[in-house]
Amino acid sequence: MIDTLTTTTGEQRLATRMARGAEFLGAEMAIMAGAMSWVSERHLVSAMSNAGGFGVIACGAMTPELLDTEIAATKAMTQRPFGVNLITMHPQLFDLIAVCGRHQVGHVVLAGGLPPKGALEAIKETGAKVVCFAPALSLAKKLIRSGVDALVIEGMEAGGHIGPVSTSVLAQEMLPEIATQVPVFVAGGIGRGEAIAAYLDMGAAGVQLGTRFVCATESIAHPNFKKAFIRASARDAVASVQIDPRLPVIPVRALKNAGGELFTAKQREVAQSLDEGKVAMMEAQLQIEHYWAGALRRAVIDGDVEHGSVMAGQSVGMVTKEEPIADILAQLMTEAAAALVARAA
């Protein structure tokens, strides 16, 4: 009886702390699935939303036509809300926004830098809420003034493109300043419910996890890709190195393999093209991004986990098996509820 009462109390406290974020997302839980290129497609996104979380399609380098198809396919698999993540440097960003608008997507997440002029307005005109990544407090305040509806603060423990500051430091610095103004979702290195509870207690409206969901049964990631995650420890997820300071290369966290050396070679090739005047800086950056998209596909879809890019966050050590996404969410919620009870004792 006591255990049941304790569990109920924990669940109630968790529901109270998640209420703002869950309401914003239109989901049962204030847990977003981070958008991962090639992984966050119709199957994982719909499964996440159907399980009570909030799935997000990773548009990445998709054309407007491909995104249109992906959104339509996702809508056929879930009646629940989901979002679309768009890269701000995409050359057809405004066409992608229009596609989201036609499908009445409720939340558009902008990643990869400051939104270009007119992007926020274009999204809001469709009736969607705008969520942006804020890697620093000054940028967060600027985005809030610009009219964003919510923010994601993501630390360097995350997989994929990362900033230079850890999640715990960003949360301490930013949540006291901005959490009352807009819903803030904390991301990067979260693998268990205890961490979710901690960030909620600090004022976060919710959290975003990516790495933890890669090995969900519903994920279309290649069996080799999933095995690499299950075998890996936190120290295997390392950040890429920038070899030329002129190249605006955002570091990427992935599992150590030969693909890292291939990326170094690609940077040298692009730097040489810059030196020879063959490409402009924007084109150089797009070449790097297209390289990552191809390298990631090689690993996620083709299963070449040695030469492809196995993007993973440092929470990868907490991924120990393949299991349904509903079970992963249930475990996270149970852990978070128990942590809230333990703290109040």
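Up top is the structure these notes are about.
What counts, and at which threshold
- Residues numbered from 1 in each chain as written.
- Predicted model: local features only at pLDDT ≥ 70, side-chain atom pairs only at ≥ 80, totals over all residues.
- Heavy atoms only, no water.
- Helix = DSSP H or I, 4+ residues; strand = E, 2+ residues; numbered from the N terminus.
- Buried < 20%, exposed > 50% of the residue type's maximum accessible area, 1.4 Å probe, protein only.
- Polar contact = N/O pair within 3.5 Å; in protein donor to acceptor, adjacent residues only side chain to side chain.
- Contact = heavy atoms within 4.5 Å.
- Arc of directions from axis to C-beta.
- Salt bridge = Lys/Arg side-chain N within 4 Å of Asp/Glu carboxyl O.
- Pairing = 2+ DSSP bridges.
- Right-handed = clockwise from strand over helix to strand, strands pointing away.
- Phe/Tyr/Trp six-rings, centres within 6.5 Å; stacked < 30°, edge-to-face > 60°.
- Lys NZ or Arg CZ within 6 Å of the ring centre and 35° of its normal.
- Axes fitted to C-alpha atoms, helices over the stretch in contact; angles between N-to-C directions.

For Asn-257, the position within the fold is in the loop between strand 11 (252-255) and helix 10 (258-275). Given a relative accessible area of 16%, Asn-257 falls into the buried group. Engagement of the side chain of Asn-257 in a polar contact is seen with the backbone nitrogen of Gly-259, the distance being 2.9 Å. Here Val-305 takes part through its backbone oxygen, which lies 2.7 Å from a polar atom of the side chain of Asn-257. Residues in contact with Asn-257, not counting those within four places in the same chain, are Val-305, Glu-306, His-307, Gly-308 and Val-310.

Given 3.6 residues to a turn, an α-helix orients residues that are three or four positions apart in the same direction. Every buried residue of helix 8 (residues 193-201) is accounted for by Gly-193, Ile-196, Ala-197, Tyr-199 and Leu-200. Taken down its axis, helix 8 places every buried residue within 165° of arc, on the same side. Count one or two residues on from helix 8 and you reach Gly-203, which has phi positive near 115°.

This brings us to the pattern of salt bridges. Per the counting criterion, the structure on display carries 13 salt bridges. One salt bridge connects Asp-201 with Arg-17, and the closest N-O pair in it is separated by 2.6 Å. Pair noted here: Asp-201 is in helix 8 and Arg-17 is in helix 1 (residues 2-25), with a separation of 184 residues, a long-range link. For Asp-201, a relative accessible area of 39% puts it in the partly exposed group. The closest approach of N and O atoms between Arg-297 and Asp-302, which form a salt bridge, is 3.3 Å. By relative accessible area, Arg-297 is classed as partly exposed at 34%. Accessibility expressed as a relative area gives 45% for Asp-302, which makes it partly exposed.

So, on to the pairing of strand 4 (residues 107-111). Buried residues dominate strand 4, accounting for five of its five residues. Both strand 3 (residues 83-87) and strand 4 contribute to a ladder of five bridges, which runs parallel. The partner of Leu-86 across the bridge, within strand 4, is Leu-110. Running through helix 4 (residues 93-102), the crossover from strand 3 to the neighbouring parallel element strand 4 is right-handed. As defined by bridge partners, strand 4 adjoins strand 5 (residues 129-133) across four bridges and the pair is classed as parallel. Residue pairing in the sheet places Val-108 in a bridge with Val-130 of strand 5. In terms of handedness, the path from strand 4 via helix 5 (residues 119-125) over to strand 5 forms a crossover that is right-handed.

A few words now on the packing of aromatic side chains. Applying the stated criterion across every chain, the model contains five aromatic pairs. Judged by centre distance (5.7 Å) and plane angle (65°), the rings of Tyr-291 and Trp-292 are edge-to-face. Judged on exposure class, the residue Tyr-291 and its partner Trp-292 are both buried. Feature note: the residues Phe-263, Tyr-291 and Trp-292 constitute an aromatic cluster, connected by ring pairs. Its end group placed over the ring of Trp-38, Arg-297 keeps NZ or CZ at 5.2 Å from the ring centre.

Strand order in this open sheet of three strands is 7-11-10, and the pairing throughout is antiparallel. The two strands at the open ends of the sheet, each matched to only one other strand, are strand 7 (160-161) and strand 10 (237-239). With two bridges connecting them, strand 7 and strand 11 associate as antiparallel partners. Bridge pairing in strand 11 links His-161 to Val-252.

Below, the discussion takes up the sheet that holds strand 9 (residues 206-209). A sheet is described by the order of its strands in space; here eight strands give the open sequence 1-9-8-6-5-4-3-2, paired in parallel fashion. Taken across any chain shown, the strands that pair with only one partner, and hence form the sheet edges, are strand 1 (31-33) and strand 2 (56-58). Shown here is a sheet whose adjacent strand axes are inclined to one another by a mean of 25°, direction ignored.

Along the chain, the position of Ala-271 falls in helix 10. Look at Ala-271 and you get buried, because its relative accessible area is 7%. Along the chain, Ala-271 and Pro-245 lie 26 residues apart, while their C-alpha atoms are 9.7 Å from each other. Those residues in contact with Ala-271 that lie beyond four places of it in its chain are Asp-244, Arg-246 and Leu-247.

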